[in-house]
Each structure stands twice: as structure tokens, then as C-alpha cells.
Amino acid sequence: MKRNVLHVVGPLLGLIGVALFFALLTGSPERYLSMTNLRVVLAQTVIVAIGAIGMTMIIISAGIDLSVGAVIALTSVVTALALRGGYAPWLALAAGVVCGGIIGAINGLAITTLRVVPFIATLGMLGVARGVAKYAANQQTVNVPPTWINELAVTFPSRPWMVFAPGVWLTVLLAAAMTIMLRNTIFGRRVFAIGSNEAAVRACGINVERAKVAIYTAAGLFFGLAGVTQMSRLRQGDPTVAVGVELDVIAAVVIGGGSLSGGEGSIPGAMIGALIMSLLRNGCQQMGWPNYVQEIIIGIIIVLAVALDRYRAARTAEVT
Amino acid sequence: MTQLRLRGIRKRFGATAALDGVDFDVSGGEVHALIGENGAGKSTLMNILSGTFAPDDGAMFLDDVPYAPARPADARRYGIAHIHQELALCPHLSVAENIFLGIEPSRREMHTRATRLLDEFGRGEVDPARRAGDLPLADQQVVEICRALAFDARVLLMDEPTSSLQRGDVERLFRLIGKLRERGVAVIYISHFLEELREIAERYTVLRDGRSVSAGALAAVSNEELIAAMVARSMETIEREQIPAVSEDVLLSVRNLAAPHRVHSATFDLRRGEILGIAGLIGSGRSELIRAIFGLLRTSGGEVSRRGTIGYLSEDRKGEGLALQLSVADNVTMSRLRTCARAGWIDLRRQNAQAEEVMRRLRVKAAGPRSAVMRLSGGNQQKVVLGRLLHQDADILLLDEPTRGIDVGSKADIFAEIAQLAREGKAIVVVSSYLPDLFAVCDRIAVMCRGRLSEAKATAEWTPDLVMQTAIGGSEKAA
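**Q** Can you explain the packing of helix 8 (residues 186-196) of chain A against helix 10 (residues 208-234) of chain A? Please cite residues and give values.
**A** Residue and element names in this part refer to chain A. Packing of helix 8 against helix 10 leaves a shortest axis separation of 11 Å and a crossing angle of 105°. With respect to each other, helix 8 and helix 10 are oriented roughly perpendicular. Between helix 8 and helix 10, the residues in contact are Phe187, Val191 and Ile194 and Val208, Ala211, Lys212, Ala214 and Ile215, respectively. Broken down by class, the residue content of the contact of helix 8 with helix 10 amounts to seven nonpolar, no polar and one charged.

Take a look at the structure:
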């Protein structure tokens, strides 16, 4: 377990570094590090962070899911349609989450029964989910009546004692629960084991296929929840939203110590990864830098983070 | 008491019969040695027992009940554990998690039971919370054995468990096997090292060409008799070619070469026009030696000096030998594309002409130089790999298993070509598992055993039995 702590130290230092960098650069650390700005940043992080919880599981098992952005769009539309249809908010929320789970299950089945590699299976789903979202929304945005769902990811919660948006607290709770799940349950061990050496797991008589379907389904539930949050932020279902978000989500997991070859990754790390990217965006905005500067910086950060990780891995391999 | 009986087991893969009638008995409290040359069918037999393959024919009985596992999980349920030749651990998981993979108890119980298992093994100092991938090789093996014990295996299949262990670890392993025997576990132990087998096993079965050809008590047979039973076939097909004149011009000189873990010491000189054969068991480090000489493997000591260019043929044809989707011409000219290009532009006509010349010389059967290599038969694919070396026109050729898995006709063509190349003044190293081939084509032979290469001696000074004895670390003292 000491190892897990060590894994988070690197990303954490990166996070502190980015925060200090912009605090000094903006010339007014008290504003950049203020409670208000923290609220803004956290509210902006929620969608990617929730997606990264699911993606961490998939990446640890040596898989990948490229359909996240499209699934977020589809589930945001599904939630909005349910609300507009007069269903109770919690039912609409459940509809979005379950829809994400179903798509995850289909991904998992395509990977295990059709024997299509995850990259391709989920690349296909990226197109399918986006298309279905546009069809379901009739190629328009879906407006919704005001409910408590719209409060999920607001910057300033209506109940001031909450300090941060309810979605932020939900994310923290889910991240903690899933961290414990990955660490302390048999299912969690199998996620790591499959990513570490799938052949060995199979030789031990474990049903790898069933475990993979479970992994993609569980992750799909999180992508569905991210979709609900997306709808909450826009206060409408939008079939064209969240294009390319899967790359942000993958980047968060990788910056947080996840390895695309499997066996490694942590949810706390991925949360920090998501925060690093939000802080960078926010900092660039405060500096008045154009969008393209953010994109360049984030691109470089991703490569540097992984290069550092590889360097560290090579050093430890040298010892053994 | 556990009783495992096998009767008339057969298994074919395509055109080759891997197993062709194996009878085999082992009972609880016994260590049974399974002996045979590379390719005799030992690993296939283990894979059938552990449920990876189903036999085509024959029957297995466990305690007089028919035993027919459909998958590895079934074998585990019956209490049959397979410790693979290549380690099968999850390097990222902890020692305890690896031991209980598939049968996870609660975390605390896992820790205490893992500690107890390791302790029984005499490796109590291994921390069950440590990452398995960080352990030394010998301890990783211990973890695998503990995994087999964790679910109370009745039959333990051990495939070459000592090939990567040092002597101290071997002794520790043997003490553990002794404990298992006392507990009534039946152990099937595959090894090439006859002296080790005598230490640990009572009875033996020899496999040759997929058949069980000899069985009995180890104490009642000599090593010579066992080796004769293993290599009987090898004696017949040997035919010596006339030795071409080998010059005194040394092109490749290897001195005390070492590479981490696999190669401890190798010394030889290779002269222009000479074919040096390297014999040895799989896992003895012979492929690693070749790779170290070519520069694909980091060396940890010794020297290699060479004069002239060098070419390498990998034993892994599909993985390292060919670009399967590309054409014959592209593959043949790959190492020296410059010869059919002008200012970086490939002259297709010239490339085709050069490829056709190589194809004619090696009698490659293909529709034309533009046909994709993956459409060719294994034998023709292998000729294409050799063709690439021909086209490259290197002075020194390192050939690792140049005739692996190909038909007899192609094999004859390839050996004829190797002999021809030597006559043209190339210096050639041939690694092969198949002794008759080495005897037929080589001027000198050296034998690799556990990372050490013996002195290279003229082929006439060797016999197949002597090569085998050296390979299994018998009479010959390694140089």
C-alpha cells in the first residue's frame, strides 16, 4: 500500500506546482487561490473527474474506452428527455446512469464475444452513441424544466453550507468508494490481475470475459453519471456536446499514474490528474491567454507526465 | 491415495502428431520424472493434463474416475496444478494476491496463509505484501509453487522448474518437493538434467516422438541407457558431408561473453568458410548468446570482435523474421534496399529482378516476387528469411534454428544453401535443437549448458550421446 501512496505523490507535486505557478504568474495569488476560484475550478472538473473514475478501472485492466464523449452526450439527452417527459428527477438521473451502463455492457460484449480490441470496439461505439443521441434529440438541444438536477454542478450551491457544488461532494464520495473497491474487493484485485497478466489469470481458472464485461459496464455507469452532470451544467440535453472529452478523461488517468499497458493506475491519482488539467485551463484563462496556448501546454504536460513515469519504471526495473 | 493413469493419449496439430500413444502412471507420494528431447511431446502432455488442450484420443483416470478437463479451471477443481516453464505471475500484484488468485480469501486470512505457505517452503523472509514483479526469479518460482499448494493440489506438474535456478535454490526446491511427497502429493517432474532427476525422482518415463518408449525405476538404468532411449531416432539419419577447406582467417572472435541471467561464459573463434554448430537445450542460453553477439541483447561482460558485416536469422520467424503482409521482394531486399534504389527512390524493376534471382537460387515457391509472404508455406517463408541474408551479403551469418517447423524438402534446400554459403567464404553459426542437422552440416560443434558454452570441437570428435550428455551437464566439463 505504501506503493499506492508513492504513486500519488508525483501527480500531487505536479498539482501543487501548477497552482503555485499560476498563483505567482497572475500576480495576485490571493485571487487565484481564493475560495471562489477554487469553486469554479472544482465545478469545471466534475464531469472529467467522474468519467476518470470509470476510465481508471478500464485502463488498469489494460483496456481503453474512446466512446466516453459520445456516451456523455447520449446520456445527457436521455436524462433531459426523461425530465421533459415529466418523470421525477431521480428517475431521470437513473435513466441516464443506466443508459451509460448498458452502453458499457455492449462495449464489453463486443470486446469479449466478437473479439474486437477495445480501441476499435469503443471507436465504433463513439460513432453509434453520438448518432443515437442526435436521433433521440431530433438533432436539437432538449430543454428541461428546472429541477434539483440543475444544481448538481453549479459553481455556487443554493445551500451555502455545502460550500462546493453537490456534484463535487458526490465525486469525492464515489472516488473514495471506488478506491476502496479496487483495493479491497476480489473484483478490484481481478481488475489489476487482468491488466497485469491476462494469461495467468485465465490459467487460474478465472472467467476473464465475464470480468471484462463487468468492468466496462461499471465504467459505463460512471460515464452515464458524467452525462447527467453535463446536462445539469448546460441545463439542457445536447447531442453535440462533449466531443473529445474521452481524451481529457484518458489524460487525467494517465497523468495520475495509469499505464495504458495495464496493471497500474489509481483513482486518487486520476482525480489529481483531472484537477491539474482544470487548473491549467483556469490559469490560462485568468492570464488572458488564448485557447490554443492551453491546448499546447496540456499536450506537453501529458507527454511529460508519462515520460517521467516511464523513467521511474525503468529505474525500478534496473534494480531488480 | 491419489492415482493418475493415462492410456493411449494422442494429439495432432495439423499434420504433425505431437502425441502418438502415451501411457503414463503416477501415484500420490511419488515424484515421477518425465524425460525426452525438445519436441518429444512433454509440454503437450502437460497442457492436456492441465486442461489447456483436449486429447484427440485416449483416456485419463484420476482415482479410477474418468478425468476430462475442458479448461484450466476444471483441472484446478480436480486438484491438478501446472507450474509453467515460463513464469505466469501478475507482476503488479502482491505475493499474497498472486498465491490466492482465483480463490481469494479475506485480506487478513490471505496474509497469514501466504506467510505460512512461504514459511513451509523455507522462504519465510519473503514479504507477502511485496510486489511479485520485484522478486528475484527464484522467489517468483516459489510464489508459483505456493499458488499450486494454496488450493491443496493432489497432482503437481512441474515443467523444467530448475532451468532458471541457481544450485542453492534447486536444493531448496527439492526439499519442498520432498515435503509434498510426504503429504501424498503426486509430482510429475520434467527436466533434462538427469543428475537432478536421480536426486528427486524414483520412477521415470521417456517420451520420444510423442510416444512413451521406456519406463521404470531410475535406479535400475544408467544415464547412457536413458539418453539412448531419448535420441534413438537421431542416430539413423546422420550423414556427413565432405568438409570444405576452412581457412585460418578468423572473422568472428568471442571471448568470455556474458549477458544478464542467461549467458555466463562463451568463447569461440569463427573462421571464413566455417560452419559452427551450437547445440543445447531450450533455455540453455544459446539463442541469447546469438542475440548478444548480434547486439540485440545487452552484454554484461566479455568481448566480441568481428571483421566484416553480420547478418542474423531469428528463431521466431513470424515475430522477428518477416514482415508478413509485405511481398517476397520487399522482405528479401529489406536489409539492403539501397542496392535497388536510386536517390532514395525504389526501382521496382530492379527490386523484382534481385528478388527473383534469390528466389531461383533458394527454390522459393511463390506466384512471383510481389506475392505476400503470409500466403507462402512455412518452408518457403523460411527460405525468404534466408534469402534476405543472401541478399544482404553479410560476411558472418548467425542462424538461430534455420529449419524450425518446416518440411523435409525445404530443410534439405536450406542446408544445401548453408553449405554453399560456407564454400563461398561466409562464416556461419547455426543453432539447432535437432542434432542430426548439426552433424550433417557443421565443421565444428559447441554445446551450451546453463549459460556456458563448451569448447568447440570438430564434428568427428562428437557423438549424439556425447552432445546430449554435455547439454544436460553430464560428463563434459564446460569450458
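**Q** Please give an account of the environment of proline 11 of chain A that cites residues and values.
**A** All names here are of chain A. The residue proline 11 is located in helix 1 (residues 2-25) in this model. Linking proline 11 and leucine 81, residues 70 residues apart in sequence, is a C-alpha distance of 39 Å. Leave out the neighbours within four places in its chain, and proline 11 touches Ile255, Gly256, Ile272 and Ile276.

**Q** Which residues make up helix 13 (residues 378-392) of chain B, and what are the values?
**A** Residues and elements named next belong to chain B. Helix length check: helix 13 (15 residues) gives 21 Å between terminal C-alpha atoms against 21 Å at 1.5 Å per residue, within 8%. Counting buried positions along helix 13 gives 14 out of 15 residues, so the element sits mostly inside the fold. Once helix 13 ends, the next one or two residues include aspartate 393, with phi positive near 60°.

**Q** Tell me about the interface of chain B and chain A, and please be specific about residues and values.
**A** Taken together, the contact pairs 20 residues of chain B with 22 residues of chain A. Measuring nitrogen to oxygen at the nearest pair gives 2.8 Å for the salt bridge that ties arginine 189 of chain A to glutamate 97 of chain B. Scanning the region where chain B abuts chain A turns up five residue pairs in polar contact (both at pLDDT 80 or more). Counted by class, the side of chain B that touches chain A contains nine nonpolar, four polar and seven charged residues.

**Q** A description of the pattern of salt bridges should follow, citing residues and the corresponding values.
**A** Residues and elements named next belong to chain B. Using the criterion set out here, one finds 35 salt bridges over all chains in the structure. Between glutamate 30 and arginine 203 there is a salt bridge, with its nearest N and O atoms 2.8 Å apart. You can see glutamate 30 sitting in the loop between strand 2 (16-27) and strand 3 (31-35) and its partner arginine 203 sitting in strand 9 (residues 203-208), a full 173 residues away along the chain. Classification of glutamate 30 as buried rests on a relative accessible area of 7%. Taking the relative accessible area as the measure of exposure, arginine 203 reaches 32% and is therefore partly exposed.

**Q** So, the sheet that holds strand 11 (residues 250-258) of chain B: which residues are in play, and what are the values?
**A** Residues and elements named next belong to chain B. What the three strands build is an open sheet, ordered 12-11-14; its pairing is antiparallel. Single-partner strands in this sheet number two, and they are strand 12 (268-271) and strand 14 (301-306). Mean inter-strand twist for the sheet, computed between neighbouring axes without regard to direction, equals 10°. Packing of helix 9 (residues 286-294) onto the sheet brings it into contact with strand 11, strand 12 and strand 14, and relative to strand 11 it is tilted by some 115°.

What counts, and where the lines are drawn
- Residues numbered from 1 in each chain as written.
- Chains lettered and ligands numbered in written order.
- Predicted model: local features only at pLDDT ≥ 70, side-chain atom pairs only at ≥ 80, totals over all residues.
- Heavy atoms only, no water.
- Axes fitted to C-alpha atoms, helices over the stretch in contact; angles between N-to-C directions.
- Helix = DSSP H or I, 4+ residues; strand = E, 2+ residues; numbered from the N terminus.
- Parallel < 35°, antiparallel > 145°, perpendicular 65-115°, else oblique.
- Contact = heavy atoms within 4.5 Å.
- Nonpolar A, V, L, I, M, F, W, Y, C, P; charged D, E, K, R; others polar.
- Expected span 1.5 Å × (residues − 1).
- Buried < 20%, exposed > 50% of the residue type's maximum accessible area, 1.4 Å probe, protein only.
- Salt bridge = Lys/Arg side-chain N within 4 Å of Asp/Glu carboxyl O.
- Polar contact = N/O pair within 3.5 Å; in protein donor to acceptor, adjacent residues only side chain to side chain.
- Pairing = 2+ DSSP bridges.

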